[in-house]
Amino acid sequence: MTTQKDAKLEVAVPVMPLPGDVLLFAHATGWNRLITFFTQSSFYHVALYAGDFHVVEARPQGVVSRDLRGPEGTHFCAILPDPDGHGPAALAWAQGQIGGRYDRWDVLVIILEHIFTHLHLSYAPPGRFSCGEFIARAFEEVGARLFPGREAADIVPGDFARFLPPDTRPHNIV
């Protein structure tokens, strides 16, 4: 693994992801800024790295494999190294979901729950995913519950930031 060392903290921070690592996307533009605003996080999207500059992710067009070298979206990511050692298995499950549907209403649910903090909508339509829910569910399906006590449908990209090594900064991985 290629790493850069933070001289102050002596923490190894990955420069390039490995298959099964989680990528947290930063530098939101357009409608994605709503997610960062309401969740108070700099991260607006999350995906699983599949190798060779590809990710598996839930996007508005559905669950897809996307080449990060393509024109869609930012390439500025923070890399969360394989959580709980289940990354490759979670990736395999995620790849089996390609073609699945995206949950378009979940962004509205996220916004409503952040405006009305006492509101909790038990909203989780079967067979549809938001990006945070998709990645949390991939790990749950292989026995790694990253967010104990929380439903996968309630997970937003910024929730994954708590697992990042200290002083991790998003950088261009392409």
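Residues numbered from 1 in each chain as written. Predicted model: local features only at pLDDT ≥ 70, side-chain atom pairs only at ≥ 80, totals over all residues. Heavy atoms only, no water.

**Student:** Looking at this structure, I do not really get the packing of aromatic side chains. What am I missing?
**Tutor:** When we look at a pair of aromatic rings, we describe it by the centre distance and by the angle of the planes. Inspection of the entire model under this criterion finds five aromatic pairs. Measuring from centroid to centroid gives 6.1 Å for W93 and F129, while their planes differ by 90°, and the two rings are edge-to-face. Placement of the pair is W93 in helix α2 (residues 87-95) and F129 in strand β9 (residues 128-129), with a sequence separation of 36 residues. Ring geometry for F147 against F163: centres 5.4 Å apart, planes inclined by 65°, an arrangement best described as edge-to-face. With a gap of 16 residues between them, F147 in the loop between α4 (131-141) and β10 (171-172) and F163 in the loop between α4 and β10 connect regions that are remote in the sequence. (Phe/Tyr/Trp six-rings, centres within 6.5 Å; stacked < 30°, edge-to-face > 60°. Helix = DSSP H or I, 4+ residues; strand = E, 2+ residues; numbered from the N terminus.)

**Student:** Teacher, can you tell me more about the sheet that holds strand β6 (residues 62-67) here?
**Tutor:** Paired through backbone hydrogen bonds, the strands of a sheet run either parallel or antiparallel to each other. Reading across the sheet, the six strands line up as β6-β5-β4-β3-β7-β10 and stay open at both edges, with antiparallel pairing between neighbours. Each end of this open sheet is capped by a strand with a single partner; those strands are β6 and β10. As defined by bridge partners, strand β3 (residues 22-26) adjoins strand β7 (residues 76-80) across four bridges and the pair is classed as antiparallel. Bridging from a neighbouring strand, L23 pairs with I79 of β7. (Pairing = 2+ DSSP bridges.)

**Student:** What am I meant to see in the pairing of β3 here?
**Tutor:** Residues in a regular strand project their side chains so that they alternate between the two faces of the sheet. β3 sits mainly inside the fold: five of its five residues count as buried. Side chains V22, L24 and A26 project from β3 onto one buried face, and the interleaved L23 and F25 project onto a second face that is buried too. Here β3 runs beside strand β4 (residues 43-51); their pairing, made up of five bridges, is antiparallel. From the neighbouring strand, A26 faces β4, where its bridge partner is F43. (Buried < 20%, exposed > 50% of the residue type's maximum accessible area, 1.4 Å probe, protein only.)

**Student:** Please explain the side chain of D159 as it appears in this structure.
**Tutor:** Following the sequence through the fold, D159 ends up in the loop between α4 and β10. The class for D159 is buried, based on a relative accessible area of 18%. At 3.0 Å, the side chain of D159 and the side chain of R150 are in polar contact. In this structure, D159 is in contact with F147, R150 and D154, ignoring residues within four places of it in sequence. (Polar contact = N/O pair within 3.5 Å; in protein donor to acceptor, adjacent residues only side chain to side chain. Contact = heavy atoms within 4.5 Å.)

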